[in-house]
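A structural walkthrough
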Amino acid sequence: SNNAGSSNSGQSSSSTASAKSTGDGKSYTMALVPGLTTDPFYITMNNGAQAEAKKLGVKLLFQGATAMTASDQLPVVNSLISQGVNALLVAPADANALTPPLKTAAQQGIKVVTVDTSVSDTSFLTAAVTSNNYQGGEAAADALAKASNGKGEVAVINFDKGVTTADARRAGFMAEIKKYPGMKVVADEYCNNSETTADSDVSSILLAHPNLVGVFGTNLYAAVGSGQAVKSSGKAGQVNVIAYDAEPEEIQDIKDGLIYGTVAQNPYQEGQLAVEYAYDSLTGKNTFPKSTQLENLVITKQNVNNSSTQNWIYAT
Ligand code: T6T
């Protein structure tokens, strides 16, 4: 207790007091809690959110962990609630584990907006902003079927279980791939957001299924790791990788023929909208949609160099 100005304790301090002054509509403090702070997807989202916050004169914190787990997010969320932020924009790392503190926050008048991932019980949310992840999974299945002329064995490398985006992508993929009678899913695994695990999973799958024609990596870590495994097995071009997201490395992999295509999202706009809707709610303008699903863009060698595609590439 040597410096009141740097207090993180949640006790009264000047920064806590200003974050709580909700009456004037001018000094709102919001916090964006991403899935993980080091991920280009969430970095791009933060860029969009900060741009919108600046426009509206809102203070926006960006706080989270470097691992996408509920246990890493819980202390961050709890600390922001006790600091008295006006709005929490959060990408929950689990569809259920974050619900109790988020619900408490909403009961205290904090606007809770999920962005990217969400929660199973959405009743207490101010808004939910995400991409159409089910459609993204379907689009991945169509791209994989196209790349392999509608036949062959394929694998799915999911990034996590119990995360709404991951589960929706997998569900969309599994439903759509059934429409191709020649395609068969022979492996359905989880890499826990680790490129290294995705790499070793796919290396084993390639040994067990020498006729494999394709892999769907359901986020950037799953996809980049899958691409590495295909490359080191010497099967680039023979085993088609369909990725998710549009990190610069994935875009380069498409140009190099290591990844056949990717389902790109628009995290910048997700961040913008989350701030906008939270602000609208705080200022009593309740005309925004409660649930928003943005469109994806499938990027392949065909359109990777188009000027309109360049806007979809994530920041790092
Ligand atoms: O695919 C995105 C995001 O949509 C997902 O929820 C978690 O992984 C990413 O952040 C990419 O790493």
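Notes on the structure follow. Keep in mind it's a predicted model, so treat the numbers as computed, not measured. (Residues numbered from 1 in each chain as written. Predicted model: local features only at pLDDT ≥ 70, side-chain atom pairs only at ≥ 80, totals over all residues. Heavy atoms only, no water.)

**Here we look at the overall build of the chain**
The condition that has to hold: Runs of E in the DSSP output that reach at least two residues are strands. Runs of H or I that reach at least four are helices, and both are numbered from the N terminus. Each radius of gyration reported is based on C-alpha atoms, and the globular scaling rule is 2.2 Å times the count of residues to the power 0.38. With a 1.4 Å probe rolled over the protein chains alone, any residue whose accessible area is under 20% of its type maximum counts as buried; one over 50% counts as exposed, and the rest are partly exposed. Residues are treated as being in contact if the distance between any of their heavy atoms lies within 4.5 Å. Reported accessibility uses the Shrake-Rupley method at a 1.4 Å probe radius. Residues are deemed covered only where the shown protein chains occlude them. By the counting rule applied here, Lys and Arg register as positive and Asp and Glu as negative, while His and the ends of each chain are not counted. To locate a charge, take NZ of a lysine, CZ of an arginine, CG of an aspartate or CD of a glutamate.
Looking only at helices and strands, the chain has 11 helices and 12 strands in total. Relative to the globule expectation of 20 Å for 316 residues, the C-alpha radius of gyration of the chain, 21 Å, shows essentially globular dimensions. Taken along its principal axes, the extent of the C-alpha atoms in the chain is 65 × 35 × 30 Å. Here the chain, with 316 residues, has 53% of them falling under the buried criterion. The contacts in the chain between residues at least 6 apart in sequence include a share of 73% that link residues at least 24 apart. Only carbon and sulfur atoms are counted for the fraction: they give 48% of the accessible area of the chain, which is about 13000 Å². Within the chain, one finds 21 positive and 28 negative side-chain charges whose respective centroids are separated by 4 Å.

**Re the sheet that holds strand 9 (residues 240–244)**
Cut-off, in case you're wondering: When DSSP finds two or more bridges between a pair of strands, those strands are recorded as paired. To get an axis, fit a line to the C-alpha atoms, keeping to the stretch in contact for a helix; angles then go from 0 to 180 degrees between the N-to-C directions.
A sheet is described by the order of its strands in space; here 6 strands give the open sequence 7-6-8-9-10-12, paired in mixed fashion. If you trace the sheet from one side to the other, it starts and ends with strand 7 (183–190) and strand 12 (297–300), each paired once. Strand-to-strand twist of the sheet, defined as the mean angle between neighbouring strand axes without regard to direction, takes the value 20 degrees. Sheet analysis places strand 8 (residues 212–217) next to strand 9, joined by 3 bridges and oriented parallel. Within strand 9, the position partnered with Val215 by the bridge is Val241.

**As for the side chain of Asp160**
As a reminder of what qualifies: Basic side-chain nitrogens of Lys or Arg form a salt bridge, by our definition, when they fall within 4 Å of a carboxyl oxygen of Asp or Glu.
Mapped onto the elements of the fold, Asp160 is located in the loop between strand 6 (152–158) and helix 6 (164–177). Of the buried charged residues, Asp160 lacks a salt bridge, with Lys161 as the closest side chain of opposite charge at 8.9 Å. Once residues within four sequence positions are removed from consideration, Asp160 is found in contact with Met68, Ala166, Asp167, Tyr190, Asn192 and Asn193.

**Focus: the packing of aromatic side chains**
Here is the rule we go by: The criterion for an aromatic pair is that two Phe, Tyr or Trp rings (for Trp, the six-membered ring) have centres within 6.5 Å, with stacked assigned to planes under 30 degrees apart, edge-to-face to planes over 60 apart and tilted to the rest. A ring is scored as having a charge over it whenever the NZ atom of a lysine or the CZ atom of an arginine sits within 6 Å of its centre and within 35 degrees of its normal.
Applying the stated criterion across every chain yields a total of 6 aromatic pairs. Geometrically, the ring pair formed by Phe41 and Tyr42 is edge-to-face, given 4.9 Å between the ring centres and 90 degrees between the ring planes. Here the two residues Phe41 and Tyr42 agree in accessibility, since each one is buried. Considering the side-chain rings of Phe173 and Phe216, the 4.9 Å spacing of their centres and the 25 degrees angle between planes classify their relative orientation as stacked. Of the two residues, Phe173 sits in helix 6 while Phe216 sits in strand 8, which places them 43 residues apart along the sequence. A relative accessible area of 0% means that Phe216 is categorised as buried. Here a set of aromatic residues connected by ring pairs shows up, and it is made of Phe41, Tyr42 and Tyr314. One cation-aromatic arrangement involves Arg169 over Tyr244; the distance from NZ or CZ to the ring centre is 3.8 Å.

**So, the site of the ligand**
Where we set the bar: Being near a molecule or strand, for a residue, comes down to having at least one heavy atom within 4 Å of it. The definition of a polar contact used here is a pair of N or O atoms within 3.5 Å, where within protein one atom must be able to donate a hydrogen and the other to accept one, and adjacent residues in sequence count solely through side-chain atom pairs. The pocket and cavity definitions rest on a 1 Å grid over protein atoms only: a 1.4 Å probe that fits but cannot leave marks a cavity, an open set with protein on both sides within 12 Å along at least five of seven lines marks a pocket, and residues lining either have an atom within 4 Å of a point. Cavities and pockets are treated as containing a molecule whenever more than half of the molecule's atoms lie within 2 Å of their grid points. Charged residues are taken to be Asp, Glu, Lys and Arg, nonpolar residues to be Ala, Val, Leu, Ile, Met, Phe, Trp, Tyr, Cys and Pro, and polar residues to be all remaining types, Gly included.
Around the ligand, the surrounding shell holds 13 residues, and the nearest of these are Asp39, Asp116, Thr165, Arg169 and Asp245. Separating an oxygen atom of the ligand from a side-chain N or O atom of Asp116 is a distance of 2.7 Å. One of the side-chain nitrogen or oxygen atoms of Asn219 is found 3.0 Å away from an oxygen atom of the ligand. Protein contact buries 100% of the 300 Å² of open area that the ligand shows by itself. When atoms are counted within 2 Å of each cavity's grid points, the one that captures over half of the ligand is the largest cavity. Of all elements in the fold, only helix 2 (40–56), helix 6 and helix 8 (220–232) reach the threshold of two or more residues within the shell around the ligand. When the residues that make up the shell around the ligand are grouped by side-chain class, the tally is 5 nonpolar, 4 polar and 4 charged.

**Things to note about the environment of Asn133**
As for its placement among the helices and strands, Asn133 is situated in helix 5 (residues 133–147). Residue contacts for Asn133: discarding those within four places in its chain leaves Thr165, Ala168, Arg169, Tyr244 and Gln265. One polar contact links Asn133 to Thr130, side chain to side chain, over a distance of 3.1 Å.

**Observations regarding the packing of helix 2 against helix 10 (residues 267–282)**
Note the cut-off: When an angle is under 35 degrees it counts as roughly parallel; over 145 it counts as roughly antiparallel; between 65 and 115 it counts as roughly perpendicular; any other value is oblique. A clockwise turn of the near helix away from the far one marks a right-handed crossing, whereas an anticlockwise turn of less than a right angle marks a left-handed crossing.
Between helix 2 and helix 10, the shortest axis-to-axis distance is 6 Å and the interhelical angle comes to 40 degrees. The angle between the axes of helix 2 and helix 10 places the two elements in the oblique class. As helix 2 packs across helix 10, the resulting crossing turns out to be right-handed. Where helix 2 approaches helix 10, its residues Phe41, Thr44, Met45, Asn47, Gly48, Ala49, Ala51, Glu52, Ala53 and Leu56 are matched on the opposing element by Pro267, Tyr268, Glu270, Gly271, Gln272, Val275, Glu276 and Tyr279. The residue makeup of the contact of helix 2 with helix 10, split by class, is 10 nonpolar, 5 polar and 3 charged.

**Observations concerning empty space enclosed by the protein**
Space left empty within the atom packing is revealed by a probe, the size of a water molecule, rolled over the atoms. Our working definition: Grid points are joined across faces, edges and corners, and a volume is the space filled by probe spheres set on the points.
Tallied over the full model, the rule gives 1 cavity of 30 Å³ or more. Taken as a whole, the largest cavity spans an internal volume of roughly 90 Å³. For the largest cavity, the full set of lining residues is Asp39, Phe41, Tyr42, Met68, Asp116, Phe159, Thr165, Arg169, Asn219, Leu220, Asp245 and Gln265. Elements supplying a minimum of two residues to the lining of the largest cavity: helix 2 and helix 6. A breakdown of the residues in the lining of the largest cavity according to their chemical character gives 5 nonpolar, 3 polar and 4 charged.

Function cannot be inferred from these measures alone, as they are strictly geometric.
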